[in-house]
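Coordinate inspection notes
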Amino acid sequence: MWLGGKTRDAQGYDLVGLFVGSEGTFGIATKIVVRILRKPQAVKTVLAVFDRVDQASEAVSAIIARGLVPAAMEMIDQLTIEAVEDAFGCGYPRDAAAALLIELDGLAAGMEAQAERVVQACRDCGARDVRAARDEAERQLLWKGRKSAFGAFGRISPAYMVMDGVIPRTKLPYVLARVNAIAAAHGLRVGNVFHAGDGNLHPNILYDPRNPGEEARVVAAGAEILKVCAEVGGSISGEHGIGLEKADYMPFIFSEADLACMRLVKDAFNPTGLCNPGKIFPSNKACVEVGPAYRPHPIEEKGLAQRF
């Protein structure tokens, strides 16, 4: 069937959004229509350096409060900065507690004025240094540090688990403190990389799978972090989805009635359970006991697949 219409806002139920958000449990997309956007006339990238993470968090709110909507607003903490500099030498100060990378795009007219307002907002929040990329080469180098952060963790840890939670931007200082405290309580290190403008956090819990019991501590710490995100009014996923890894944390944000309603919708699209079986919904095998007991899929019963 074809979902959606010839305009962006089609009449009736938003079945496109429903299908896209189903994580493959409603079927398979065989054709997709997208809208191509023009490249912006101008781009300005600003790097702000802070001695405290809470200052960087406050700068995010201050920029939004000034009516500015950057194309991107990314933050990395000190552990991540060290990893990035060891790997690529992108020009981030190693002793900074946090670095905020802000990018503006749009019409050339007024771009410099917008950038000045961003710079002033960061300075008002205690930034020790704020500078704009001098040219495209420097801009690309700064973004290389941010975009390569996950790979750079390989220099300081043999493995890591990427978390994905969302929180209100005003809760950034509190939640980051809790994330670091949770990791420390489990004897682990964490490097924080996140889309600060969206309140989308990516704590990367570093560990060594060769150490007995360490992986279990990582999973436990991850669950605690996501619970904190839910408790402050956020969510357990911003962009990575639920899948198998977070299925048992769904009760952090949904009631049994919510989950039952979702199952009814799933059964309408996927009555035989062939599409991405075992995903999204919690099972009684988990620490959070809600919903019916997990039923193995026929291919599992034949020994052709295994649920992790």
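Refer to the structure presented above.
Here is a short report on the structure shown in this document.

Our focus in this paragraph is helix α2 (residues 53-65). Between its terminal C-alpha atoms α2 stretches 19 Å, which fits the 18 Å expected from 13 residues at 1.5 Å a residue. If you check which residues of α2 are buried, you get Gln55, Ala56, Ser57, Ala59, Val60, Ala62 and Ile63. Residues of α2 that are buried make contact with β1 (42-50), β2 (72-77), β3 (98-106), α4 (111-124) and α7 (172-185). Within two residues after α2, Gly67 carries a phi angle of roughly 80°, on the positive side.

Our focus in this paragraph is the pattern of salt bridges. Under the criterion given, the structure shown has 14 salt bridges. Of the charged contacts, one joins Asp124 and Arg66 as a salt bridge, the two residues approaching to 2.8 Å between their closest N and O atoms. Residue Asp124 is found in helix α4, and its partner Arg66 is found in the loop between α2 and β2; the two are separated by 58 residues along the sequence. A relative accessible area of 48% means that Asp124 is categorised as partly exposed. In this structure Arg66 comes out as partly exposed when scored by relative accessible area, which is 32%. The shortest N-O distance in the salt bridge between Arg94 and Asp86 comes to 2.9 Å. What makes Arg94 partly exposed here is its relative accessible area of 41%.

Turning next to the nonpolar core. As a rule of thumb, soluble globular proteins bury nonpolar side chains together. Counting 58 residues, the largest nonpolar core has Phe50, Ile63, Met75, Leu100, Cys122 and Ile205 as the members making the most contacts within it. Counting residues per element, this core draws most heavily on helix α8 (residues 214-231), at seven residues. In contact with Ile205, other than residues within four places in its own chain, are Ala159, Tyr160, Met161, Met163, Leu188, Arg189, Val190, Val218, Ala221, Gly222 and Ile225. Counting residues in hydrophobic clusters, the runner-up holds 21 residues, among them Ile76, Leu79, Tyr92 and Leu101.

Between its terminal C-alpha atoms α7 stretches 20 Å, which fits the 20 Å expected from 14 residues at 1.5 Å a residue. When we look at burial in α7, the residues that qualify are Leu172, Val175, Leu176, Val179, Ile182 and Ala183. Down the axis of α7, the sector holding all buried residues measures 125°, keeping them to one side. Among the exposed residues of α7, those oriented more than 90 degrees off its buried face are Ala184 and Ala185. Of the surrounding secondary structure, the elements contacted by the buried residues of α7 are α2, β7 (189-195), β8 (200-207) and α8. Gly187 lies just past α7 and shows a positive phi near 70°.

As a further point, take the packing of aromatic side chains. Counted by the stated rule, this structure contains three aromatic pairs. A centroid spacing of 5.4 Å and a plane angle of 5° characterise the contact between Tyr249 and Phe252, whose relative ring orientation is stacked. On the accessibility criterion, Phe252 (25% relative accessible area) is partly exposed.

Side chains of strand β5 (residues 159-162) alternate between two faces, with Ala159 and Met161 buried and Tyr160 and Val162 left unburied. Of the pairings in the sheet, the one linking β5 to β8 comprises four bridges and is antiparallel in character. Residue pairing in the sheet places Ala159 in a bridge with Tyr207 of β8.

The rules behind each value
- Residues numbered from 1 in each chain as written.
- Predicted model: local features only at pLDDT ≥ 70, side-chain atom pairs only at ≥ 80, totals over all residues.
- Heavy atoms only, no water.
- Helix = DSSP H or I, 4+ residues; strand = E, 2+ residues; numbered from the N terminus.
- Expected span 1.5 Å × (residues − 1).
- Buried < 20%, exposed > 50% of the residue type's maximum accessible area, 1.4 Å probe, protein only.
- Contact = heavy atoms within 4.5 Å.
- Salt bridge = Lys/Arg side-chain N within 4 Å of Asp/Glu carboxyl O.
- Core = buried A, V, L, I, M, F, W, Y, C linked by side-chain atoms within 4.5 Å.
- Arc of directions from axis to C-beta.
- Phe/Tyr/Trp six-rings, centres within 6.5 Å; stacked < 30°, edge-to-face > 60°.
- Pairing = 2+ DSSP bridges.

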